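# Observations on the three-dimensional arrangement
Residue strings, one per chain:
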Amino acid sequence: MGYARKVGWVTAGLVIGAGACYCIYRLTRGRKQNKEKMAEGGSGDVDDVGDCPGARYNDWSDDDDDNSENKGIVWYPPWARIGTEAGTRARARARARATRARRAVQKRASPNSDDTILSPQELQKVLCLVEMSEKPYILEAALIALGNNAAYAFNRDIIRDLGGLPIVAKILNTRDPIVKEKALIVLNNLSVNAENQRRLKIYMNQVCDDTITSRLNSSVQLAGLRLLTNMTVTNEYQHMLANSISDFFRLFSAGNEETKFQVLKLLLNLAENPAMTRELLRAQVPSSLGSLFNKKENKEVILKLLVIFENINDNFKWEENESTQNQFSEGSLFFFLKEFQVCADKILGLESHHDF
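Conventions adopted
- The residue numbers shown here count from 1 along each chain, following its written sequence.
- Note on the predicted model: pLDDT of at least 70 is required for a residue's local features to be given, and 80 or more for side-chain atom pairs to be given and counted; whole-chain, interface and lining totals, by contrast, use all residues.
- Side-chain metrics in this entry use all non-hydrogen atoms of the structure; hydrogen atoms and water are not considered.
- Lining residues are those with an atom within 4 Å of a point, where the points come from a 1 Å grid over the protein atoms alone and group into cavities, where a 1.4 Å probe fits but cannot get out, or pockets, open sets with protein on both sides within 12 Å along at least five of seven lines.
- Grid points are joined across faces, edges and corners, and a volume is the space filled by probe spheres set on the points.
- In this text, helices come from DSSP runs of H or I with a minimum length of four residues, and strands from runs of E with a minimum of two, each type numbered from the N-terminal end.
- Residues are sorted three ways: Asp, Glu, Lys and Arg are charged, Ala, Val, Leu, Ile, Met, Phe, Trp, Tyr, Cys and Pro are nonpolar, and all the rest, Gly among them, are polar.
- In this analysis, rings of Phe, Tyr and Trp, with Trp reduced to its six-membered ring, are considered paired at centre separations within 6.5 Å, and the interplanar angle assigns stacked below 30 degrees, edge-to-face beyond 60, and tilted for intermediate values.
- Any residue under 20% of the maximum accessible area for its type is buried, any over 50% is exposed, and the rest in between are partly exposed; the area is computed with a 1.4 Å probe on protein chains only.
- We call a charge positioned over a ring when the NZ of a Lys or the CZ of an Arg lies within 6 Å of the ring centre and within 35 degrees of the ring normal.
- Take the number of residues in a helix, subtract one, and multiply by 1.5 Å to get its expected span.
- Note on contacts: a residue pair is in contact if any heavy atoms of the two residues lie within 4.5 Å.
- Whenever two N or O atoms come within 3.5 Å, that pair is a polar contact, provided that in protein one can donate a hydrogen and the other can accept it, and provided that, for residues adjacent in sequence, both atoms are side-chain atoms.
- Any Lys or Arg side-chain nitrogen located within 4 Å of an Asp or Glu carboxyl oxygen qualifies as a salt bridge.
- The angle between two axes is taken between their N-to-C directions and runs from 0 to 180 degrees, where each axis is a line fitted to C-alpha atoms and a helix contributes only its stretch in contact.
- The cut-offs work like this: below 35 degrees is roughly parallel, past 145 is roughly antiparallel, 65 to 115 is roughly perpendicular, and the gaps in between are oblique.
- Should the near helix be turned anticlockwise from the far one by less than a right angle, the crossing is left-handed, and should it be turned clockwise, the crossing is right-handed.

## Some words on the layout of surface pockets
Roughly 270 Å³ of internal volume is contained in the second largest pocket. If you trace the second largest pocket, you find 13 residues lining it, with Val130, Ser133, Glu134, Leu139 and Ile171 closest to the centre. Among the secondary structure elements, those contributing two or more residues to the lining of the second largest pocket are helix H3 (120–132), helix H4 (136–150) and helix H6 (164–170). At three residues, the largest contribution of residues to the lining of the second largest pocket is made by H6. Within the lining of the second largest pocket, the residues separate by chemical class into seven nonpolar, two polar and four charged.

## Let's talk about empty space enclosed by the protein
Taken as a whole, this structure holds two cavities of 30 Å³ or more when the rule is applied. A volume near 60 Å³ is recorded for the second largest cavity. Around the second largest cavity sit Leu187, Leu200, Tyr203, Met204, Val207, Leu227, Leu228 and Met231, which together line it. Sort the elements by how many residues they give to the lining of the second largest cavity and helix H10 (residues 219–231) lands first, with three residues. Within the lining of the second largest cavity, the residues separate by chemical class into eight nonpolar, no polar and no charged.

## Focus: the packing of aromatic side chains
Tallying each qualifying case throughout the model produces six aromatic pairs. Ring geometry for Tyr152 against Phe154: centres 5.7 Å apart, planes inclined by 35°, an arrangement best described as tilted. Overall, the relative accessible area of 31% leaves Tyr152 in the partly exposed class. The exposure class of Phe154 is partly exposed, given its relative accessible area of 47%. One aromatic cluster is present, formed by Phe316, Phe328, Phe334 and Phe335 through successive ring pairs. Over the ring of Phe252 we find Lys260; its NZ or CZ atom is 5.9 Å from the centre of that ring.

## Topic: helix H12 (residues 257–271)
For H12, which comprises 15 residues, the first-to-last C-alpha distance of 20 Å matches the rise-based estimate of 21 Å (1.5 Å per residue) to within 8%. Regarding H12, the residues found buried are Thr259, Lys260, Gln262, Val263, Leu264, Leu266, Leu267, Asn269, Leu270 and Ala271. Residues of H12 that are buried in the fold lie against H10, helix H11 (245–254), helix H13 (277–282) and helix H14 (299–316). One side-chain oxygen of the residue at the start of H12 lies 3.3 Å from the amide nitrogen of Glu258, identifying that residue as Asn256.

## Description of the pattern of salt bridges
A full pass over the atoms with the stated rule returns nine salt bridges. With its nearest N and O atoms 3.8 Å apart, the salt bridge here joins Arg160 to Asp161. Residue Arg160 is classed as buried on the basis of its relative accessible area, which comes to 12%. Classification of Asp161 by relative accessible area gives exposed; the value is 59%. Across the salt bridge formed by Asp210 and Lys180, the nearest N and O atoms sit 3.8 Å from each other. Taken as a pair, Asp210 in helix H9 (residues 204–213) and Lys180 in helix H7 (residues 177–190) lie far apart in primary sequence, 30 residues in all.

## What about the packing of H3 against helix H5 (residues 153–161)?
Look at H3 against H5: their axes get within 10 Å of each other, and the N-to-C directions meet at 55°. As far as their axial angle goes, H5 and H3 are oblique. Note on packing geometry: the crossing formed by H3 with H5 is right-handed. Each of Pro120, Leu123 and Leu127 in H3 lies in contact with H5, whose residues at this interface are Asn155, Ile158 and Ile159. Along the lines of polarity and charge, the residues of the contact of H3 with H5 split into five nonpolar, one polar and no charged.

## Focus on the packing of H9 against H11
Two elements in contact, H9 and H11, have axes whose closest approach is 10 Å; the angle formed by their N-to-C orientations is 30°. As far as their axial angle goes, H11 and H9 are roughly parallel. As for how H9 packs across H11, the hand of that crossing is left-handed. Residues Cys208, Thr211 and Ile212 of H9 form the contact with H11, whose own contacting residues are Asp247, Phe248, Arg250 and Leu251. For the contact of H9 with H11, the per-class residue count stands at four nonpolar, one polar and two charged.

## Topic: unusual backbone geometry
Here the phi dihedral of Asn217 falls at roughly 70°; this positive angle occurs in a residue that is not glycine. Position of Asn217 relative to the elements: it lies in the loop between H9 and H10. Overall, the relative accessible area of 25% leaves Asn217 in the partly exposed class.

## Focus: the side chain of Thr277
Among the secondary structure elements, Thr277 is positioned in helix H13. What makes Thr277 buried here is its relative accessible area of 3%. Among residues more than four places away in sequence, those in contact with Thr277 are Ile312, Asn315 and Phe316.

Here's what the structure looks like:
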């Protein structure tokens, strides 16, 4: 009788062990299949977690957060009931997995999530929000979503084909500075595209005027300068800013360091185009421009300004244009550079002095 009982216990143990091994096999096999599917671009499924709408978490590592709380229904693996210590660990891991899955779903559902890539249908809905809504907080959230998606090259064509360029550009008429800044950011991201630039050129004068008249060093002004810089990377639309070059020099002299750098990027685009040389030389510059060359000014600002002067100097050919120099008025960049050249020649002449 005792022998039969022992045989029964051994048989039961083997059955339980085989069941546990089979469960482990099923879970590890499911995890491997999920990783293969995700590597192929598909979505992974966990066979043993039941029907769960939304994202499913496939990480079965042991470094889970045991202190996380989850009041939802948690699925426990079969071996959670075998032994007190093993069951406690398994339940803690299951709770942590459920918590991570819930957080992943919440992150995906968040409209402000930076890594959410919207489908064309979703982009259409966001554009409808921008077009129809008058609530600033709704417009801000929708424009943030559009700006994040416009950072991807494949989305720039989609947003244009959905009619998004005039919809976003219309927001530039708003008086809300936060909403206007977000609209400028969207257009800036969209402008890194030749076809989008061709369609956005009709808004350049408005953006230029808004940028110049905005509060000095404001976020709207910086966003406008970035958009104009992108639009002038090629020579095609630079002539549209010819009448505003004097204002850009004024912003450069009065602005903080961040504004100075952004204006310099814009002016450098113009200075690299020989066709814009005369327009640059005609621009009226503040008398304080020369005071930038001092020890207190950022060295990078001075170097970028010197590069702009060098490009203008190389493109103008002073000897060949001597007869046309009377076309430039007092206070223009032409006269500033002429005096600057005289000063530079004197400095270079000091190289031969015995006490340089």
